4 protein chains.
Amino acid sequence: MKNTFGNAVSVTIFGESHGAAIGAVIDGLAPGLPVDEDVIRHQLTLRRPAGRISTARREADEFQILSGVYNGRTTGTPVCILIPNADTKSGDYQTNIARPGHADYTAECKYHGYQDARGGGHFSGRVTAALVAAGAILLPALKQKGIMIGTHVSRCAGVKDVDFAADEATLALQLAALNDTAFAVLDASAGEGMQSAIEAARAEGDSVGGVLETAIVGLPAGLGEPWFDSFESMLSHALFSIPAIKGVEFGDGFALTDRKGSEANDGFFMQGDRVFTQTNHNGGINGGITNGMPVVFRCAVKPTPTIAKVQQTVDMKANTNVEYGGRGRHDPCIVHRARVVVDSIAALVVADLLTQRYGAEGWK
Amino acid sequence: MKNTFGNAVSVTIFGESHGAAIGAVIDGLAPGLPVDEDVIRHQLTLRRPAGRISTARREADEFQILSGVYNGRTTGTPVCILIPNADTKSGDYQTNIARPGHADYTAECKYHGYQDARGGGHFSGRVTAALVAAGAILLPALKQKGIMIGTHVSRCAGVKDVDFAADEATLALQLAALNDTAFAVLDASAGEGMQSAIEAARAEGDSVGGVLETAIVGLPAGLGEPWFDSFESMLSHALFSIPAIKGVEFGDGFALTDRKGSEANDGFFMQGDRVFTQTNHNGGINGGITNGMPVVFRCAVKPTPTIAKVQQTVDMKANTNVEYGGRGRHDPCIVHRARVVVDSIAALVVADLLTQRYGAEGWK
Amino acid sequence: MKNTFGNAVSVTIFGESHGAAIGAVIDGLAPGLPVDEDVIRHQLTLRRPAGRISTARREADEFQILSGVYNGRTTGTPVCILIPNADTKSGDYQTNIARPGHADYTAECKYHGYQDARGGGHFSGRVTAALVAAGAILLPALKQKGIMIGTHVSRCAGVKDVDFAADEATLALQLAALNDTAFAVLDASAGEGMQSAIEAARAEGDSVGGVLETAIVGLPAGLGEPWFDSFESMLSHALFSIPAIKGVEFGDGFALTDRKGSEANDGFFMQGDRVFTQTNHNGGINGGITNGMPVVFRCAVKPTPTIAKVQQTVDMKANTNVEYGGRGRHDPCIVHRARVVVDSIAALVVADLLTQRYGAEGWK
Amino acid sequence: MKNTFGNAVSVTIFGESHGAAIGAVIDGLAPGLPVDEDVIRHQLTLRRPAGRISTARREADEFQILSGVYNGRTTGTPVCILIPNADTKSGDYQTNIARPGHADYTAECKYHGYQDARGGGHFSGRVTAALVAAGAILLPALKQKGIMIGTHVSRCAGVKDVDFAADEATLALQLAALNDTAFAVLDASAGEGMQSAIEAARAEGDSVGGVLETAIVGLPAGLGEPWFDSFESMLSHALFSIPAIKGVEFGDGFALTDRKGSEANDGFFMQGDRVFTQTNHNGGINGGITNGMPVVFRCAVKPTPTIAKVQQTVDMKANTNVEYGGRGRHDPCIVHRARVVVDSIAALVVADLLTQRYGAEGWK
């Protein structure tokens, strides 16, 4: 369904950039899961624009949990979380101009002029705040089960961060640290390089993109519902909903395609009762099902489409070719802000697949 | 749902490598669509192993349409297409060994020993024949609507094919030609290089991977159901169901991440009544909705996991570490065979999104 | 899915009786449909308790449309409608007592004590206000298409209303009149008899039930998606979600079971271009698909479970048998209030099936 | 989705009356469930026409399990069960005549002449054989969990059977006995009366209907996913897919509507560790969730629409009014044959809701 995703656990999102509020409804959660409003607040802060490398739009992101949580725990009935919009300046937008790289033109084709085009409307990155909140509801419960999720800016504006540790214990420490980091990199100096490049792009009236790399540790082997609801299918489905994501790869992804089978396969071995792989080229997933190793995936985030530079486009009402110079408050880079959206998407998909396998009762 | 995919048009698949038959049920098709058994036969032939670069398993892929087609047209009720298995040699498989890179271990974790492990069972690439047939049912109807789909081996064993033409008319000719090509490349000499490299890998007891690039021309602007059922979401969901696919990217995909916004945006312009983009870095999709330009995407196909070389793995019954040298009949490369699976997936997703937008009545 | 229903058009509901708010998200609506807040307000008023025959709880039902409507028309993106709770008195409820006929005990079994039991929580009839609002959003658009929906109290407390007119034009007038009637009967004197009986039951500390009969006129022939999404399947699915509904029948329903085929079949005849049936024993549906005649169905509404009389039950914490005398503010009858919930359910199902058949584009 | 039903466990059906085969795909089953072909054969026999009170069409119903079962147990991957059609006589049908009470006219409206109209095509009761087989796959696994399902002809041709026993242990014995009974009644003399009435109707060229009453014992409390996937919602959705079913009621159903709340509520009491109800007017379901008492429901089966008597109808090609006298091989009554279809539907819904709650792992 269009704005609902997930089978056993589902999320429904709604709202427009300049409407009254955005929000999400999460359904299918087991009863009794701990919910921590501070975690939600923290995750929203990580997504929120800040400093010179972000849009000037400032949203407090004060949220309200309207249902489904009682005495700090999920009730098992739908959780609605609402985030009112506060700082909206609709005058900023010329709604008859199709901004290149945005959904303005395609929304016009699909909604025939009835869409709320202000600030990108329902297509605005603003709506990702609802996704972040939805995922954040799940984080304490996943943590209780020993599952951690974290994302770093693996590459941004051509600057590369170091790689995740291969060792699971070290990786878990990295994920914990990332979650306290405003600009999520493993190597702080890489992060400084990226931020300088972002500021430089901004100064030119341009924008930059990057690659987000995510790891999930602590997943049981056996998650994923092939064929069609393989772990990769479900996750990529939800990830490609995030505006600006144009590629998703698991494990070594596209880099596998130039290798031999002998270089791409991950040999198994037993240690104690548990089966490990010697390498993790397949990103913790074989045949669409988790194998118990860290799940690792990467998302390609294209450069923010809104730029100050003059671009060629069309006036959709006048049906004429026009030049357009970006106005409105926008980000020269959203890669670092998107990482917490990716974490939330991952949390939702993991909760769904866990619940499909073990049932709502299985969370007890 | 696990083995059912799609909203307005859905496909359900079933079957195991060494069972009686594999098949698919396609539901939600408009009544009166032309169905051409020769097209199905042709598509199955393109998928079928052939020559020295493929497995020795030879399946006639004689299919039967059991329902939903009458007098050469869809009835509007479910179409079941069945493909009996003929050439199965179960003695080839040691089912207690977890073959590296395969689903053996994860299936064991998920199905606790009850899975039909012979030949990979339900996880076998054999099941993709059912997907190919399912998609092939749709091709004549899509063609009638002016929609063409085609895939070439963009890269294989490190050898690169030329790119798709930027010009839509030329691209359409390329797609038509690809569909008559056994080893789908645009540049025949690249194809020879790839096939030599595949044979060399086979001689070493190893395997190779590659990248498939697909284009869809003739789509109306306005297809895709954001957020969650964006064109990219639906397509990637289905694509990641195909065994061996570890990455999916749209337009310039990961290559966009090192560019500036001014280099990634596709400016719009009008010519006559129609809006075009000057470039197609976004692969014909903005905000998850088609913009009327060719949809272009690429899939990373990992090297075939089964190889003759000795690998380290575990015996899942004895719980011991063992060495394993691949037996059974397998392909040193499946990239060229997978392309028709990708075409079928694309056809199914396009039919679904068209039907969501225009209804079953909209096909009249 | 649990709190989401519908395929092409879906509704998601959330909220608890004594929580901050209840609400609904409607997705999949075509863009440009007229939305009339007065219609929503009117429908909510028809549901609202009033007078001596209802609970003393008084809710203003001030609603807010948070998204998906712009300049009085649907945008095509999700509509969230929110209804804050105002008049809540949680002290009224002893949450450890399983009230007979309510969901208290089954919620305890399912949610293990984590449910928000105040006022019945998510199981409260209060949540039907969200359904009423969701359906009311669709009424102007359906009216534009010539589709009218109306429900009368066919039977209540043993008192019977007259039947719907067999003639379609007269029936349409009856439906229009019902929509302006607080206590929806066709024969005012029957309505008075029912209301007296309700007051009498209240005086005894007891409650009454009844039968709601609904008609939909103006539907095109050909709606419904057999087998599983037949018109009857979809409608009954949604109707049985309404608390207190224990039976649903279409056309003459259970009364057909004692007849002969010759008395149950509806003969067809042509008049001008259109096909009619001579009788309408099958309620406008053959084989799960509308035939163009009025769709007629009836719902059995059981007596309100909360009564003042002493009942035997259990204390779910103490695990003891106890006597319970109903407290809290409740209705001696909800039949007359439920009718507008039924109308909304019907509107949602009709919109879904229309959209499946004609697409979102088909509403233009 | 149209021909797929269920969330955690789903069934997809396909096929036409006079096509090559009908069948079903059941997905989402836990691995390792026992499957017994004799049970399937037995259930198909109970559905099969027999004797003077049935159609002369004789189908052997030889079925094949094509996938998803290995060594007598489910593998956890989709089970496809196929039933070839053997005894088809297409000459029996005039496909341009809209048979009253059948789907001929509505299918024409929906499928515009492309439907396979022979023998009712996809709308034929023949397709219920696939549903019976699908449900029969589940019966041994449900029995292992202590869950039994059975249906009797509660009323047929105006003759009434005795009621199910109120006592659960006696009821369980009744259910077991029903499953060995060709004409399923509790009181053999009532069954004889019914069969005489059926023969009398046949002699007149007419048909009769009836009421099926079903009980499910052994269900855990807590099954059902309100609001929209309440036990009653899911079950009625699937039941109304069965051709000829025009009413569904749970517990005392419509009879509750004339009662007082004090007469409709089921008081709770504890005995040992378990909570029981004193009566079972609500049919084992409160608030859409099972309470651990037997689930009881009734289906209204209309008289078979095909009769020999002359009826008024239309020729859909000539667009004229015509008289029609039934030809083809049909049943004067299908009530007794439909009961096993109802049992299968119940088995599928129970398996789905159990799996939603406990997960596929919960079946171990």
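The structure we're discussing is the one just above.
This section reports on the structure supplied with the text.

Rules used throughout
- Residues numbered from 1 in each chain as written.
- Chains lettered and ligands numbered in written order.
- Predicted model: local features only at pLDDT ≥ 70, side-chain atom pairs only at ≥ 80, totals over all residues.
- Contact = placed C-beta atoms within 7 Å.
- Nonpolar A, V, L, I, M, F, W, Y, C, P; charged D, E, K, R; others polar.
- Pairing = 2+ DSSP bridges.
- Helix = DSSP H or I, 4+ residues; strand = E, 2+ residues; numbered from the N terminus.
- Least-squares fit on C-alpha atoms with pLDDT ≥ 70 in both.
- Expected span 1.5 Å × (residues − 1).
- Buried ≥ 20, exposed ≤ 12 C-beta atoms within 10 Å, placed from the backbone.
- Arc of directions from axis to C-beta.
- Axes fitted to C-alpha atoms, helices over the stretch in contact; angles between N-to-C directions.

### Here we look at the interface of chain A and chain B
The partner chain B presents 89 residues to the 89 residues of chain A that form the contact. A class-by-class count of the residues in the side of chain A that touches chain B yields 36 nonpolar, 38 polar and 15 charged. As paired elements, strand S11 (residues 245–250) of chain A and strand S11 (residues 245–250) of chain B share three bridges and run antiparallel to each other. Bridging from a neighbouring strand, Glu249(A) pairs with Gly247(B) of S11(B).

### Some details on the relation of the copies chain A and chain C
Mapping chain A onto chain C calls for a screw motion: a turn of 180° about the axis and a shift of 0.0 Å along it, with 0.0 Å RMSD after fitting. This pairing of chains is accounted for by a two-fold axis. Judged by C-alpha distance, Thr12(A) is the residue of chain A that lies nearest the rotation axis, at 3.9 Å. A shared interface surface links the copies, since 100% of the contact residues of chain A are contact residues in chain C too.

### Section: helix H5 (residues 188–203) of chain B
Every α-helix winds through 3.6 residues per turn, so residues three or four apart in the chain are directed the same way. All names here are of chain B. Here H5 contains 16 residues, and its C-alpha end-to-end distance of 23 Å stays within 8% of the 22 Å for a straight helix at 1.5 Å per residue. Among the residues of H5, those classed as buried are Ala190, Gly191, Met194, Gln195, Ile198, Ala201 and Arg202. The buried residues of H5 occupy one face: seen down the axis, they fall within an arc of 135°. Counted as exposed and oriented over 90 degrees from the buried face of H5: Ser189 and Ala203. Among the structural elements, strand S8 (148–156) and strand S9 (159–160) are those in contact with the buried residues of H5. Two residues or fewer after H5 comes Gly205, characterised by a positive phi angle close to 75°.

### Notes on the environment of Gly253(D)
One can find Gly253(D) in the loop between strand S11 (245–250) and helix H7 (261–264). Each C-alpha atom, one on Gly253(D) and one on Asp331(D), is 29 Å from the other, the two residues being 78 residues apart in sequence. When near neighbours in sequence (up to four residues on either side) are disregarded, Gly253(D) contacts Lys246(C), Gly247(C), Ala300(C) and Arg298(D).

### Examining the sheet that holds strand S1 (residues 4–5) of chain C
All names here are of chain C. In spatial order, the strands read S1-S2-S3-S7-S4; together these five strands make up an open sheet with antiparallel pairing. The outermost strands of the open sheet, each flanked by one partner alone, are S1 and strand S4 (64–67). Of the pairings in the sheet, the one linking strand S3 (residues 21–27) to strand S7 (residues 79–84) comprises six bridges and is antiparallel in character. By the bridge assignment, Ile22 is partnered in S7 with Ile83. Along the sheet face, helix H3 (residues 128–144) touches strand S2 (10–15), S3 and S7 and points at about 35° away from the line of S3.

### Re the interface of chain A and chain C
At the junction of the two partners, chain A supplies 38 residues and chain C supplies 38 residues. Of all elements in the fold, only strand S2 (10–15), strand S3 (21–27), strand S4 (64–67), strand S6 (73–74) and helix H2 (104–111) of chain A reach the threshold of two or more residues within the side of chain A that touches chain C. Its residues assigned to classes, the side of chain A that touches chain C comprises twelve nonpolar, 20 polar and six charged.

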